[in-house]
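Read off the chains here:
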Amino acid sequence: MTVTGTDTGGNGKAQELPVEQLKDAVRDLGQALMVRTLTKASSQVEGLTQRLNDAADDGGGAGAKMAATGVKKIVQGDSPLKAGIGAGVNGAKEKVKKAVGAGDGDGGKGKGKGSAKVVNIVEEFDVGLPRRVAYDQWTQFADFPSFTKKVESVEQESDEKINWRAQIFLSHRSWESTIIEQIPDERIVWKSKGAKGYVDGAVTFHELAPTMTRVLIVAEYHPDGFLEKTANLWRAQGRRLRLDFKHIKRHMMTQTLLNQAETEGWRGEIRDGEVVKTHEDALQDEEADAKEKAGSSSA
């Protein structure tokens, strides 16, 4: 049915109004306004997406890329929920790539932007032992596999060089440590090298009382290789090292505490990576000092 209207036009005569034509014109105008609005919004969204991408490229990181990806997917017709999930997956991929050094132009082996972060561990614990006994126990590196969890073997190549083999995550890794400085009853400082990660660090010994010693440890785990760098995201190696330090403390407070007289350590001295006093020379000096003190006391 066609609907029409009438108008007298001011001359008393009825005239038919073009209602259908007016309705078509209004509909066309509405569609034109809608297209214009959507085009403008799309342009603004695309501009926002580009700005977010630019921000990510300039250092905005995975968060900016996630936002840009989400906006783009919504423009393409995805629901906000689906767009958010897609953006989250993309952001996770970017985070993993950045952490393991992927896409840095040299297979992830280069320094700088794509290199993995170092795991820093700072620990301290007190043991009910004289400082000398605590120090001597620590220098018995070959005993570590018997009371730690993941240290599999320790080979003392020389007084200043030690070869370690341990389980790191799901693999087995080996590295060589060189003692840079070792002062009896005071500190041990070492540097390491290894194809699949290594540990640098220092341990110091502080007397709190004649039978109480504080042990301070600073260690740096340098991951290398895809497995180590991926595990590094969750700080797995740091937790592993902290747990092994607790095993060392437990051993000192049980076995070492009960067998103090049997604990013999390496009493030599190392400076700048070289032995400046051997274990035998150090024992002779200690014996001479003890005799001198005994003679002074008797006099």
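One structure accompanies this document, and this report is about it. (Residues numbered from 1 in each chain as written. Predicted model: local features only at pLDDT ≥ 70, side-chain atom pairs only at ≥ 80, totals over all residues. Heavy atoms only, no water.)

### Description of the overall build of the protein chain
Stage number 1. Across its full length, the protein chain holds 7 helices and 11 strands.
Stage number 2. For the protein chain, buried positions account for 32% of its 299 residues.
Stage number 3. For the protein chain, the share of sequence-separated contacts (at least 6 apart) that also reach a separation of at least 24 residues comes to 48%.
Stage number 4. Summed over all atoms, the accessible surface of the protein chain reaches about 18500 Å², with 54% contributed by carbon and sulfur. (Helix = DSSP H or I, 4+ residues; strand = E, 2+ residues; numbered from the N terminus. Buried < 20%, exposed > 50% of the residue type's maximum accessible area, 1.4 Å probe, protein only. Contact = heavy atoms within 4.5 Å. Areas by Shrake-Rupley, 256 points an atom, 1.4 Å probe, with all protein chains shown as cover.)

### Section: the nonpolar core
Stage number 1. Grouped together as the largest cluster of nonpolar side chains are 34 residues, with contacts concentrated most on Trp138, Phe141, Phe144, Trp164, Ile188 and Val203.
Stage number 2. With residues near it in sequence (within four places) discarded, valine 203 still touches Trp138, Glu186, Arg187, Ile188, Trp190, Val215, Leu216 and Ile217. (Core = buried A, V, L, I, M, F, W, Y, C linked by side-chain atoms within 4.5 Å.)

### Digging into the packing of aromatic side chains
Stage number 1. In this structure the tally under the stated criterion is 8 aromatic pairs.
Stage number 2. Between tryptophan 164 and tryptophan 175 the ring centres are 6.4 Å apart and the planes differ by 5 degrees, which places this aromatic pair in the stacked class. In this pair, tryptophan 164 is assigned in strand 5 (residues 161-168) and tryptophan 175 in strand 6 (residues 171-183), connecting sequence segments 11 residues apart.
Stage number 3. A relative accessible area of 14% means that tryptophan 164 is categorised as buried.
Stage number 4. By way of ring pairs, the aromatic residues Tyr135, Trp138, Phe141, Phe144, Phe147, Trp164, Trp175 and Phe205 are connected into one cluster. (Phe/Tyr/Trp six-rings, centres within 6.5 Å; stacked < 30°, edge-to-face > 60°.)

### Side note on the side chain of serine 192
Stage number 1. Residue placement: serine 192 occurs in strand 7 (residues 187-193).
Stage number 2. A residue is classified by how much of its surface remains accessible, and serine 192, at 11% relative accessible area, is buried.
Stage number 3. For serine 192, the side chain forms a polar contact with the side chain of serine 177, separated by 2.7 Å.
Stage number 4. Engagement of the side chain of serine 192 in a polar contact is seen with the backbone oxygen of valine 199, the distance being 2.5 Å.
Stage number 5. Those residues within four positions of serine 192 in sequence are excluded, and the remaining contacts are Trp175, Glu176, Ser177, Tyr198, Val199 and Asp200. (Polar contact = N/O pair within 3.5 Å; in protein donor to acceptor, adjacent residues only side chain to side chain.)

### Overview of the pattern of salt bridges
Stage number 1. Within the structure shown, the criterion is met by 18 salt bridges.
Stage number 2. Between arginine 132 and glutamate 286 there is a salt bridge whose closest N-O contact spans 3.0 Å. One end of the pair, arginine 132, is in helix 3 (residues 131-138); the other, glutamate 286, is in helix 7 (residues 279-298), with 154 residues separating them in the sequence.
Stage number 3. Among the residues examined, arginine 132 registers a relative accessible area of 36% and is labelled partly exposed.
Stage number 4. For glutamate 286, a relative accessible area of 25% puts it in the partly exposed group.
Stage number 5. Between glutamate 286 and arginine 267 there is a salt bridge; the shortest N-O distance is 3.1 Å. Here arginine 267 lies in the loop between helix 6 (236-258) and strand 10 (269-271) and glutamate 286 lies in helix 7, a separation of 19 residues in the sequence.
Stage number 6. Several salt bridges share partner residues, and in doing so they unite Arg132, Asp136, Asp185, Arg267 and Glu286 into one network. (Salt bridge = Lys/Arg side-chain N within 4 Å of Asp/Glu carboxyl O.)

### Concerning empty space enclosed by the protein
Stage number 1. Within the structure shown, the criterion is met by 1 cavity of 30 Å³ or more.
Stage number 2. When its volume is computed, the largest cavity comes out at roughly 440 Å³.
Stage number 3. Taken together, 27 residues line the largest cavity, and the ones lying closest to its centre are Trp164, Trp175, Trp190, Val199 and Leu241.
Stage number 4. Counting residues per element, the lining of the largest cavity draws most heavily on helix 6, at 6 residues.
Stage number 5. Considering only residue class, the lining of the largest cavity consists of 19 nonpolar, 5 polar and 3 charged. (1 Å grid on protein atoms, 1.4 Å probe; cavity = no way out; pocket = protein on both sides within 12 Å on 5 of 7 lines; lining within 4 Å. Points joined across faces, edges and corners; volume = space filled by probe spheres on them. Nonpolar A, V, L, I, M, F, W, Y, C, P; charged D, E, K, R; others polar.)

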